[in-house]
Amino acid sequence: MFLSLIVVFASIHSDRIDLLDVMKEYADDVSEIKLKDGEYCARDLPLKHRKLTFIGNVDTVTLDMRGLSESAFDLESSTLTLISISIKPPQLAVFTKSKFSKLNVTSCKFVTKEMEYPILEGISSQLIVQNVSFTEIHFMYSLIQGPPGDNEAVLSLIVQNCSFSNFRVHTQRPLLAGADVQNVSVVDTSFSEIKCTNVDPLPDEAIEGTADREVSIQKSTISNVDGALSGALVFGMQATKLYLIHVTIEDSANAIRHSNNVAFAPKSEVVVRMCTTKFTKTTEVWPNGGFLYLPHNQSMLTIHHTTADHSSAPNGSGGWVFVSGQCDLDLQLVTSKDTSAGKCGGFVFAGGMVEKLLFSEVDVNDSKAEENGGALFVSNAREVQISHGVFMRCGSIQNGGAVFVDKADETTVTFERDIFDDNEASKGHGPDVVISYDEAKTYRVQKADFVKCVSTAKQNGVWFLPFNVGTEWSNTRELANRQIIVVSVVCGCVFLALCILIPCLACCCYRRRKNAAYKQIETEQQPNYSESQSTRPSHAPNEGQNDPQTQINYQQSSPQSINS
């Protein structure tokens, strides 16, 4: 029991030390062995229930695996750790065959030009590669794989702070996600100038029955990676979950691709967040999906906070994303510029049986398609929601300059607060949106399905196929016309009111001035009775004489004279 806790340090300075001889020197019950200083020769070394560690500074510890027929180590329930050592096989054989074990390679230097076999081959094991630079190496296989013919191998691969540059992969499996890998995690790693030269687009054996596989790539860059028919990094592993977080992909057409073998494809979930894709070089690798190809049934695709520039599928559909089968799509806060497709969906193609398609705050600029759907093509969907989107300068040769909703007999379509600006369907209908029906007698899309949308189309922005039924789609041109009419009517009413009011006011003022003049004249012509009284004769008038000039001032007669 006491010996099981002993840590043994070997410090041997001879030229070449046989590891098998070193291991025989220690008791079988020693649990952990650390070796340093020297050049060790490994020849099919068995290691069970132990921890073996090589630690150095690259120049002091070297692991030489020349002359191996199979693997350098046979691990069972063990841990092999290589830290800052030099590994120099002229042609690397299988590094370790493991079962329920772990291989940790950190800050090591590989002195080789070709890796014929994976670094780790095993069952229920894990490979951790950290701070390692792989440069100008030809890989015949991926870094990790399960035993041949064993589809139940549960393997895990973790790659952190590594660099893969200027090498070729001669394999039917990709570099990081072989067909037998359960989980792959890539963090802070760069891939550049990589070319896959395999011919067959499918892996050697089918992956029927495996599930719960996961690939996670975070804070990494992928540039100038040519995936040939396999996709640049991910292919054939039938992952149920694929995460791309803070990943930059440049000039790596078809970088992310799932298996085309739909018969064995399980349910899949792909999440892309805070990523950037930019393709300035057009590479014809696969006809569909310039960036992502997802042909699986029952899949979910989520893309948030992502930019996509210069992506194309010259001979296929889906200039940036191609999704087929029964799927759900959720795109939010995505910006796209200059994407194109040789067929349908210059930006996104969603075919098969789409359960729900959600486009929210998606800005698509200069997206083109040779057939239908300059930006978006969706078919056989149950629900389509496009809100707060911008489709600018998109175009198609046929129908739907921006959006084409095909086979919409059972589709619920909603557009809300979307802007359609300068889109075009050069030889077809609907510069903004086309909604196509096969056999529907009643059209399900109503004016209420377009909530506060704006369009600059010179013709009807929305068409229903097989023929246009005269939709109530409103665009800015019609809105401006209505505004002009309203303004004209208001101005006319105001002018008419002024025409009536001004003459009335003038007439009233004239009559008031005239009445005032008449009153002034009457006042000047009225006699002064006080002056006329003093000029009359003092004698009384003749009694009974009817003299028209005789005036009697009754007010001046006193009551006494009247009584007498």
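Residues numbered from 1 in each chain as written. Predicted model: local features only at pLDDT ≥ 70, side-chain atom pairs only at ≥ 80, totals over all residues. Heavy atoms only, no water.

- An unreviewed UniProt entry lists the protein chain under the name Right handed beta helix domain-containing protein, with Blattamonas nauphoetae given as the organism.

**Observations concerning the overall build of the protein chain**
Then comes step 1: Along its length, the protein chain carries four helices and 51 strands.
Then comes step 2: Split into buried and exposed, the 564 residues of the protein chain put 48% on the buried side.
Then comes step 3: At a minimum sequence separation of 6, the contacts of the protein chain that also span at least 24 residues come to 76%.
Then comes step 4: Carbon and sulfur atoms provide 51% of the accessible area of the protein chain, an area that totals close to 27600 Å². (Helix = DSSP H or I, 4+ residues; strand = E, 2+ residues; numbered from the N terminus. Buried < 20%, exposed > 50% of the residue type's maximum accessible area, 1.4 Å probe, protein only. Contact = heavy atoms within 4.5 Å. Areas by Shrake-Rupley, 256 points an atom, 1.4 Å probe, with all protein chains shown as cover.)

**Quick notes on the sheet that holds strand β47 (residues 424-425)**
Then comes step 1: Pairing within the open sheet is parallel, and its five strands lie in the order β33-β36-β39-β43-β47. Because the sheet does not close on itself, it has two edges, and the strands there are β33 (312-313) and β47.
Then comes step 2: Of the pairings in the sheet, the one linking strand β39 (residues 368-369) to strand β43 (residues 395-396) comprises two bridges and is parallel in character. Counted as the bridge partner of Lys368 is Gly395 from β43. (Pairing = 2+ DSSP bridges.)

**What to know about the side chain of Ser317**
Then comes step 1: Tracing the sequence through the fold places Ser317 in the loop between β33 and β34 (321-323).
Then comes step 2: For Ser317, a relative accessible area of 8% corresponds to the buried category.
Then comes step 3: If sequence neighbours within four positions are ignored, Ser317 has contacts with Pro287, Asn288, Gly289, Phe322, Ala341, Lys343, Cys344, Gly345 and Phe349.

**Topic: the sheet that holds strand β5 (residues 45-48)**
Then comes step 1: Pairing is parallel in the open sheet, where five strands are placed in the order β5-β8-β11-β15-β19. Here the strands that pair on one side only, and so sit at the sheet edges, are β5 and β19 (144-145).

**Points about the nonpolar core**
Then comes step 1: Ranked by size, the top nonpolar core spans 109 residues in total, and within it Phe54, Leu63, Phe73 and Leu82 carry the most contacts.
Then comes step 2: Contacts of Leu63, omitting those with residues within four sequence positions, involve Leu19, Tyr40, Ala42, Phe54, Phe73, Leu82, Ile85, Ser86, Ile87, Lys88 and Phe95.
Then comes step 3: In terms of nonpolar packing, the next biggest core, distinct from the first, is built from nine residues, Cys344, Phe377, Phe404 and Leu465 among them. (Core = buried A, V, L, I, M, F, W, Y, C linked by side-chain atoms within 4.5 Å.)

**Considering unusual backbone geometry**
Then comes step 1: You will see that Ser77, though not glycine, has its phi angle at about 55°, which is positive.
Then comes step 2: Within the fold, Ser77 resides in the loop between β8 (71-76) and β9 (79-83).
Then comes step 3: Given a relative accessible area of 32%, Ser77 falls into the partly exposed group.

**Points about the pattern of salt bridges**
Then comes step 1: A complete count under the given rule lists five salt bridges for this structure.
Then comes step 2: Note that Arg16 and Glu39 form a salt bridge whose closest N and O atoms lie 3.3 Å from each other. Here Glu39 lies in strand β4 (residues 38-41) and Arg16 lies in the loop between β1 (7-11) and β2 (17-18), a separation of 23 residues in the sequence.
Then comes step 3: Classification of Arg16 by relative accessible area gives partly exposed; the value is 44%.
Then comes step 4: Here Glu39 falls in the buried class, since its relative accessible area comes to 19%.
Then comes step 5: Of the charged contacts, one joins Asp64 and Arg16 as a salt bridge, the two residues approaching to 2.9 Å between their closest N and O atoms. Here Asp64, found in strand β7 (residues 61-64), pairs with Arg16, found in the loop between β1 and β2; they are 48 residues apart in sequence, far enough to count as distant.
Then comes step 6: For Asp64, a relative accessible area of 0% gives the class buried.
Then comes step 7: The network of salt bridges with shared partners includes Arg16, Glu39 and Asp64. (Salt bridge = Lys/Arg side-chain N within 4 Å of Asp/Glu carboxyl O.)

**Examining the environment of Ser379**
Then comes step 1: You can see Ser379 is positioned in strand β40 (residues 376-379).
Then comes step 2: Ser379 gets classed as buried once you look at its relative accessible area, which sits at 8%.
Then comes step 3: Those residues in contact with Ser379 that lie beyond four places of it in its chain are Ala350, Gly351, Gly352, Val354, Asp406 and Lys407.

**Points about the packing of aromatic side chains**
Then comes step 1: All told, the structure shown has 13 aromatic pairs when counted by the stated rule.
Then comes step 2: In this structure an aromatic cluster arises from ring pairing among Tyr293, Phe322, Phe349, Phe377 and Phe404. (Phe/Tyr/Trp six-rings, centres within 6.5 Å; stacked < 30°, edge-to-face > 60°.)

**So, the pairing of strand β6 (residues 51-55)**
In the case of a regular strand, side chains alternate between the two sheet surfaces.
Then comes step 1: With four bridges connecting them, strand β3 (residues 32-36) and β6 associate as parallel partners. When the bridges of β6 are listed, Lys34 appears paired with Thr53.
Then comes step 2: Where β6 lies against β9, five bridges are found, and the strand directions are parallel. Within β9, the position partnered with Lys51 by the bridge is Thr79.

**Remarks on a nonpolar patch on the surface**
Then comes step 1: On the surface, a cluster of nonpolar side chains totalling about 350 Å² of accessible area is made up of Val490, Val494, Leu498 and Ile502.
Then comes step 2: Checked against the element boundaries, Ile502 lands in helix α2 (residues 476-525).
Then comes step 3: Judged by relative accessible area, which is 54%, Ile502 ranks as exposed. (Patch = residues over 30% accessible without salt bridge, like charges linked within 9 Å, V, L, I, M, F, W, Y side chains within 5 Å.)

**Re the environment of Lys48**
Then comes step 1: Mapped onto the elements, Lys48 comes out in strand β5.
Then comes step 2: When the C-alpha positions of Lys48 and Ser77 are compared, they lie 6.0 Å apart, and in sequence the two are 29 residues distant.
Then comes step 3: In this structure Lys48 touches Glu76 and Ser78, once residues within four positions along its chain are discounted.

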